[in-house]
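Coordinate analysis (summary)
The residues making up each chain are set out below.
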Amino acid sequence: MHDPRHGPLVTMLLLLTVVTGLVDAVSYLALGHVFVANMTGNVVFLGFALVGAPGLSATASLAALAAFLAGALAGGHLARRRPAHRGRLLVATAAAQSVLLAACTVLAATLGHTADPVRYTLICVLGGAMGLQNAVVRALKVPDLTTTVLTMTLTALAADRAGPRRLASAAWMFAGALLGAVLVLHAAVPVALAAALALLLTVAALTHHASGHPTAPWTRPDPGR
């Protein structure tokens, strides 16, 4: 999967894919059957909830969707402000996400996650963080690595019968979801959030270190040129 055109970005985006699995495990298992990264699922859940399907909340799905869109708006703005260096853009994004995840970890550790005010705050902050990630990853333009959506990735993997990066993306999201479920069910929500935070800090630190060579080809917006 080494690709000189994208340098460390491939590995960093796979780590962000693990973060996606972790936070969606937290939101679905602990915050009321809602996703904060997978918006396709929320749109489907919203339809189910509006006809009275048990265990689902239209309000929670709408809150996650709105927060994700707000985060994506912020991510698009950030990408336009830092268009010339993909490494610095990813560092800024991971740092901003780390602040949001740290706030969620502290909130869940001190106030729990079951009361509606706290639960909706967690949904909105996590949704915003994932919207930010999704918009910036889109701007980075690393093929076959969206970090949040696997439907087209799996389709391309089966249809084209090729693509180790696609397979890795699915495997790493599965690993994140598995780890998140284990931590939520057998440890605690703050522990799962702390694990996601640790990965984001790792991405920020490693990308910052790799960005010490500003003329490296992978840092350019269009490394193929």
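What you see is a predicted model, and the numbers here were worked out from it, not measured in a lab.

Turning our eyes to something else, we now look at the side chain of T20. Within the secondary structure, T20 sits in helix α1 (residues 9-30). For T20, a relative accessible area of 1% corresponds to the buried category. For T20, the contacting residues outside a window of four places in its chain are A37, M130, Q133, T147, T148 and M173.

All right, on to the nonpolar core then. Ranked by internal contacts, the top residues of the largest apolar core, which has 63 residues, are V23, L101, I123, L126 and L193. Sorting elements by how many residues they give to this core places α1 first, with 13 residues. Sequence-distant contacts of L193, that is, excluding residues within four places in its chain, are made with V26, L101, C104, T105, A108 and L126.

This model, assessed by the stated rule, comprises 2 salt bridges. For the salt bridge of R166 with D144, the shortest nitrogen-to-oxygen distance reads 3.0 Å. Residue R166 is found in helix α7 (residues 164-186), and its partner D144 is found in the loop between α5 (116-140) and α6 (151-160); the two are separated by 22 residues along the sequence. Given the relative accessible area of 13%, R166 is considered buried. With relative accessibility at 31%, the residue D144 sits in the partly exposed group.

Definitions and limits used
- Within each chain, residues carry numbers counting from 1 in the order of the written sequence.
- A pLDDT threshold of at least 70 governs which residues receive local features in this predicted model, and a stricter bar of 80 or more applies before side-chain atom pairs are shown or counted, although totals over entire chains, interfaces and linings include all residues.
- Where side-chain values are given, they derive from all heavy atoms of the structure, hydrogens and water being excluded.
- Secondary structure elements follow DSSP: runs of H or I of four or more residues count as helices, runs of E of two or more count as strands, with numbering from the N terminus.
- Think of it in three bands: with a 1.4 Å probe and only protein chains considered, a residue is buried below 20% of the maximum accessible area for its type, exposed above 50%, and partly exposed in between.
- Should any heavy atoms of two residues lie within 4.5 Å, those residues are counted as being in contact.
- Definition of nonpolar core: a set of buried residues of the types Ala, Val, Leu, Ile, Met, Phe, Trp, Tyr and Cys, connected through side-chain atoms within 4.5 Å.
- One side-chain nitrogen of Lys or Arg within 4 Å of one carboxyl oxygen of Asp or Glu is enough to make a salt bridge.

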